[in-house]
Amino acid sequence: MSDYARRLNLIDLNDYPVSWWNGLLELAHEILSAPQDYAKACDGCIMGTLFYEPSTRTQMSFQTAMLRLGGTIIGFDNPATSSVAKGENLKDTTKIVSGYADIMVMRHPVEGSAKAAALTAECPIINAGDGGHLHPTQTLTDLLTLKEEKGSLENLTIGFCGDLKNGRTVHSLIKAMSCYKGSRFVLISTPDLGLPAYMKDMLAADGLSYKEVSRLEDAIGELDVLYMTRIQQERFASEEEYLAQKGAYILDKEKMKLAKPDMIVLHPLPRVDEIAIEVDDDPRAMYFRQARYGMFVRMALILTVLHKNGTPPALIRGREHKSVKCSNPRCITHREQYLPHFFEGSGDILTCEYCDQRTLI
Ligand code: NCD
């Protein structure tokens, strides 16, 4: 067994059974009820945080989570001040830092980078966002918020509004909620910012119910949860393309009047202009509380990974296809040439193990 097969990495939540996530949510609930009981739980442990992309909540909530567990932190939040600026590749940076730390949290702009780092790292890797691909710890944050505020993760109608194409938090949460009974998805976006085809195919293959609408007003009345998202400016090819989408959806008091009295509004934050400030005082606005839940669920995650609670999932499920290149230009395999080209599946369509995009051969 290779080394990486022994570690509880968190690359994609769906690598684990739902029972494992539910265990994390229960532990997070215990921690938030009595945080002082966990103040020394990670005494002597070191967490490395490598943030190649800007972050406020994810980085700081991970850092405070470790500090509140009695551990310490190292890392960078600006690759320009690390050896990355000298041209160091992902493998070398992550291999070295993972040799100093007991657990490493990484955010990177390129899709599939977390799995790439996990292949050669010396300690467990937590994916804190890999380009427009996934953001599993935001999903844990969202799940904990839903469980604590709605009481159950079943039979929820969730509306996702905004940039469903590039929003990694949307992709991760849809994948996760697909595993809970009775989930219904309402996808609210412009035609240019719709959910990627591979995700829609996944929903269809799982027999899940979803519908697409372009106006928030047409859908808000039927939702239990409204998940607002920012238009992801940094993922657009040009300023013009971004400006064409900017301001497409703005949740304000008027639209909130059309919503159910117990609908809740989530947002991974940061917000730009998609939720008017006037909505903040509405008791259904849950996004600030959601950010605080994130700290508790990250405490639960760090504890679980460091104390090795759970069976490590397979990091690579398919096999290497030396001559096939991933069709996704934003995949890490195009950036880091040394990476083996791992794909799942057989026949004409292969699925990239790093970024989940399909390639026709
Ligand atoms: C999100 C992210 O980085 O993907 N933010 C976060 O982690 N809380 C959402 C976003 O940047 O829009």
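On a predicted model such as this, the values are computed, not experimentally measured, just so you know. (Residues numbered from 1 in each chain as written. Predicted model: local features only at pLDDT ≥ 70, side-chain atom pairs only at ≥ 80, totals over all residues. Heavy atoms only, no water.)

Trainee: Tell me about the sheet that holds strand β7 (residues 209–213), residues and numbers included.
Mentor: Spatial ordering of the open sheet is given by β7-β6-β5-β8-β9, a layout of 5 strands whose pairing is parallel. Each edge of the open sheet is held by one strand with a lone partner, namely β7 and β9 (264–266). In this sheet, adjacent strand axes meet at a mean angle of 20° when their direction is disregarded. Alignment of strand β6 (residues 184–188) against β7, held across 5 bridges, turns out to be parallel. Among the inter-strand pairings, valine 186 is bridged to a residue of β7, identified as lysine 211. Against the sheet, helix α6 (residues 168–177) contacts β5 (157–161), β6 and β8 (225–228), and its axis sits at roughly 165° relative to β5. (Pairing = 2+ DSSP bridges. Helix = DSSP H or I, 4+ residues; strand = E, 2+ residues; numbered from the N terminus. Axes fitted to C-alpha atoms, helices over the stretch in contact; angles between N-to-C directions. Contact = heavy atoms within 4.5 Å.)

Trainee: Could you give an account of unusual backbone geometry, with specific residues and numbers?
Mentor: Cis peptide bonds are those with omega within 30 degrees of zero, and the linkage from leucine 269 to proline 270 qualifies with 5°. Along the chain, the position of proline 270 falls in the loop between β9 and α11 (287–306). Despite not being glycine, lysine 308 has its phi angle at roughly 50°, a positive value. Relative to the helices and strands, lysine 308 is located in the loop between α11 and β10 (319–320). Among the residues examined, lysine 308 registers a relative accessible area of 64% and is labelled exposed. You will see that aspartate 356, though not glycine, has its phi angle at about 70°, which is positive. Along the chain, the position of aspartate 356 falls in the loop between β12 (349–352) and β13 (358–360). (Buried < 20%, exposed > 50% of the residue type's maximum accessible area, 1.4 Å probe, protein only.)

Trainee: Tell me about the packing of helix α2 (residues 57–68) against α11, and name the residues and values.
Mentor: Taken N-terminus to C-terminus, the directions of α2 and α11 make an angle of 55°; their axes are 8 Å apart at the nearest point. The orientation of α2 with respect to α11, classified from their angle, is oblique. Crossing angle aside, the handedness with which α2 passes α11 is right-handed. Mapping the contact onto sequence places Arg57, Thr58, Ser61, Phe62, Thr64, Ala65, Met66 and Arg68 in α2 and Ala291, Met295, Arg298, Met299, Leu301, Ile302 and Leu306 in α11. (Parallel < 35°, antiparallel > 145°, perpendicular 65-115°, else oblique. Left-handed = near helix turned anticlockwise from the far one by under 90°.)

Trainee: So what about the nonpolar core? Which residues, and what values?
Mentor: When a protein is soluble and globular, its nonpolar side chains tend to lie buried together. Trp21, Leu143, Phe160, Ile174, Met177, Leu301 and Ile302 are the most contacted members of the largest nonpolar core, which has 62 residues in total. Top element by residues in this core is α11. It accounts for 11 residues. Residue assignment places this core across two domains, with domain 1 (4–136 + 293–306) and domain 2 (138–291) each supplying three or more. Setting aside residues up to four positions removed in sequence, isoleucine 174 forms contacts with Phe160, Phe185, Leu187, Leu195, Met199 and Leu203. Of all hydrophobic cores here, the second largest spans 30 residues; its members include Ile11, Leu50, Ala117 and Phe343. (Core = buried A, V, L, I, M, F, W, Y, C linked by side-chain atoms within 4.5 Å. Domains from an automatic or database assignment.)

Trainee: Describe the pattern of salt bridges, listing the residues and the values that go with them.
Mentor: Pairing between side chains becomes possible if they bear opposite charge and their charged atoms approach one another. Taken as a whole and assessed by the stated rule, the structure comprises 24 salt bridges. One salt bridge in this structure joins glutamate 353 and lysine 115, with 3.7 Å as the shortest N-O distance. With glutamate 353 in the loop between β12 and β13 and lysine 115 in helix α4 (residues 113–120), this residue pair connects regions lying 238 residues apart in the sequence. With relative accessibility at 3%, the residue glutamate 353 sits in the buried group. Overall, lysine 115 belongs to the buried group, its relative accessible area being 5%. (Salt bridge = Lys/Arg side-chain N within 4 Å of Asp/Glu carboxyl O.)

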